[in-house]
Amino acid sequence: MDRRSEPNRSAIYATTLVAFLAIAGIAVVDPILPAIGDAIGVTAWQVELLFTAYIAVMAVGMIPATLASGRFGFKPVLITGVSVVGVAAILASFSDTIVQLSVLRGVWGLGNAMFFATAMVVLVNLAVDREWVVGLFETALGLGFAVGPLIGGLLGEVSWRLPFFVCGVFMVLALGVASRKLREPANRQPPVRVGQIFATFRRPAFIALCAVTAAYNFVFFVVLGYTPLFLKLDIIPLGLAFTGWGLGLAAGILVIGHRLAHRIGAVQTVGVAIAGLLVCMVLFATSTSTTESLVVLVLAGLCMGMANANLTDLALGLGSSDRRVATGAFNLVRWGAAAPAPIISGKLAEHSLSLPFWVGFGVLAVGVLVYLAFAHVMAAGYGERVLWSRWNRAAAGAEHAAEEPVGEAY
């Protein structure tokens, strides 16, 4: 499709830029986690509170953010979210205790909930080509995850406080872009009710997708939250390591994820991605060298990118026809399942450095079993088929033919 036929390109690119800056702000924390722990004298699980507080508040905040967008409009909620993130990030740079940092990260998460509850819906409603705009959004997230750690590593070498402050500056820039360029979709939609969000979970295909996504996102934040402590690298090498992970994520989204979905379907592409990530968990747990762990980190990023490239689109296709409701319900599960992962990993690491990866393997293995059992339901709801459902139909057809009486030969 010719992108010149998109009448709202300026607003779409502006929203995507804000998404990039928001994700870069999340990922900027990765390489400075060990430095924060050393500077303020806390244990691994306490450092992981920075992730858990952020994700937990973000998950819970998805519902009020979705309701607010229906009442006040997308742009005011999105701009408020960006402003909250900017203030929280700047204040975090002046914090002295893990409690102060965790509270401010929670406020940060609330701001990001306002953003993520609205950004995708704004993009989809402004665009003519939904697949293009979802891919653009997910690519921005992948690049944000790639650039954020690099910035965090370089600035964190000076002081662990500096990345937080610079993230706040990023969000001020994002606020300027958002206030000038963003626009409300032309068709004003009625307010969203809480019951509409929870009614989405009555759809079997959507429930199956959420179960798989919950397991996947738990593992996503085992990798993102715990691996910085597991690698035991200095700040700049750690920043470069997660830049490699982010580039793998971006490549999985931009180069592989959508192309593979065109060949084998979005549902089967997600299956390939989570199977690959399951293998990565074993490789992490059994790794015997830093080099091996770094290679697995990039491979994990690639698998995660393939999953991310299709999960959002599947949620929009299998959830409520009201995209605000589908996005709110899906993000509630997506981030809610991720919230315990960092702090659980930190506690498990006190017993064994590889234990968080084995637990991640177990959680994702459950997700894989759910996927195998219900992939055909998701595929049917999305207008696709999975290979083994064809095998099942062929086997059933052969069995039925075998049971039919054979006519006598003359």
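Residues numbered from 1 in each chain as written. Predicted model: local features only at pLDDT ≥ 70, side-chain atom pairs only at ≥ 80, totals over all residues. Heavy atoms only, no water.

### Digging into the packing of aromatic side chains
Then, number 1: Applying the stated rule across the entire model yields 15 aromatic pairs.
Then, number 2: Aromatic side chains W108 and F164 sit 6.1 Å apart centroid to centroid with 70° between the ring planes, which places their arrangement in the edge-to-face category. Taken together, the residues span a long stretch of sequence, with W108 in helix α6 (residues 98-126) and F164 in helix α8 (residues 161-181) at a distance of 56 residues. Each member of the pair W108 and F164 is classed as buried.
Then, number 3: A network of ring pairs unites the aromatic residues Y216, F220, F221, F242, W245 and W335 as a single cluster.
Then, number 4: Taking NZ or CZ as reference, R105 lies 4.7 Å from the ring centre of Y54, over its face.
Then, number 5: The ring of W108 carries the charged tip of R105 above its face, separated from the ring centre by 4.6 Å. (Phe/Tyr/Trp six-rings, centres within 6.5 Å; stacked < 30°, edge-to-face > 60°. Helix = DSSP H or I, 4+ residues; strand = E, 2+ residues; numbered from the N terminus. Buried < 20%, exposed > 50% of the residue type's maximum accessible area, 1.4 Å probe, protein only. Lys NZ or Arg CZ within 6 Å of the ring centre and 35° of its normal.)

### Concerning the pattern of salt bridges
Side chains that differ in charge, positive against negative, can pair when their charged atoms come close.
Then, number 1: Enumeration over the complete set of coordinates arrives at two salt bridges.
Then, number 2: For D96, the salt bridge identified is with R161, shortest N-O distance 3.0 Å. With D96 in the loop between α5 (74-92) and α6 and R161 in helix α8, this pair connects stretches of sequence that are 65 residues apart.
Then, number 3: The exposure class assigned to R161 is partly exposed, which follows from its relative accessible area of 26%.
Then, number 4: Between E350 and K347 there is a salt bridge, with the nearest N and O atoms lying 3.7 Å from each other. (Salt bridge = Lys/Arg side-chain N within 4 Å of Asp/Glu carboxyl O.)

### Side note on the packing of helix α10 (residues 204-231) against helix α13 (residues 290-318)
Then, number 1: As a packed pair, α10 and α13 sit with axes 10 Å apart at the nearest point and diverge in direction by 150°. Taken together, the axis directions place α10 and α13 in an arrangement best described as roughly antiparallel. Every pair of crossing elements has a handedness; the one defined by α10 and α13 is left-handed. Contact residues: A205, F206, L209, T213, Y216, V219, F220, V223, T227, F230 and L231 in α10; S293, L294, L297, M304, A307, N308, L311, L314, A315 and L318 in α13. (Axes fitted to C-alpha atoms, helices over the stretch in contact; angles between N-to-C directions. Parallel < 35°, antiparallel > 145°, perpendicular 65-115°, else oblique. Left-handed = near helix turned anticlockwise from the far one by under 90°. Contact = heavy atoms within 4.5 Å.)

### Observations concerning α5
Then, number 1: An ideal rise of 1.5 Å per residue puts 27 Å on 19 residues; α5 measures up with 27 Å between its terminal C-alpha atoms.
Then, number 2: Buried within α5 we find F74, V77, L78, I79, G81, V82, V85, G86, A88, A89 and A92. (Expected span 1.5 Å × (residues − 1).)

### Concerning the environment of V255
Then, number 1: Within the element layout of this structure, V255 appears in helix α11 (residues 235-264).
Then, number 2: You can call V255 partly exposed: its relative accessible area is 42%.

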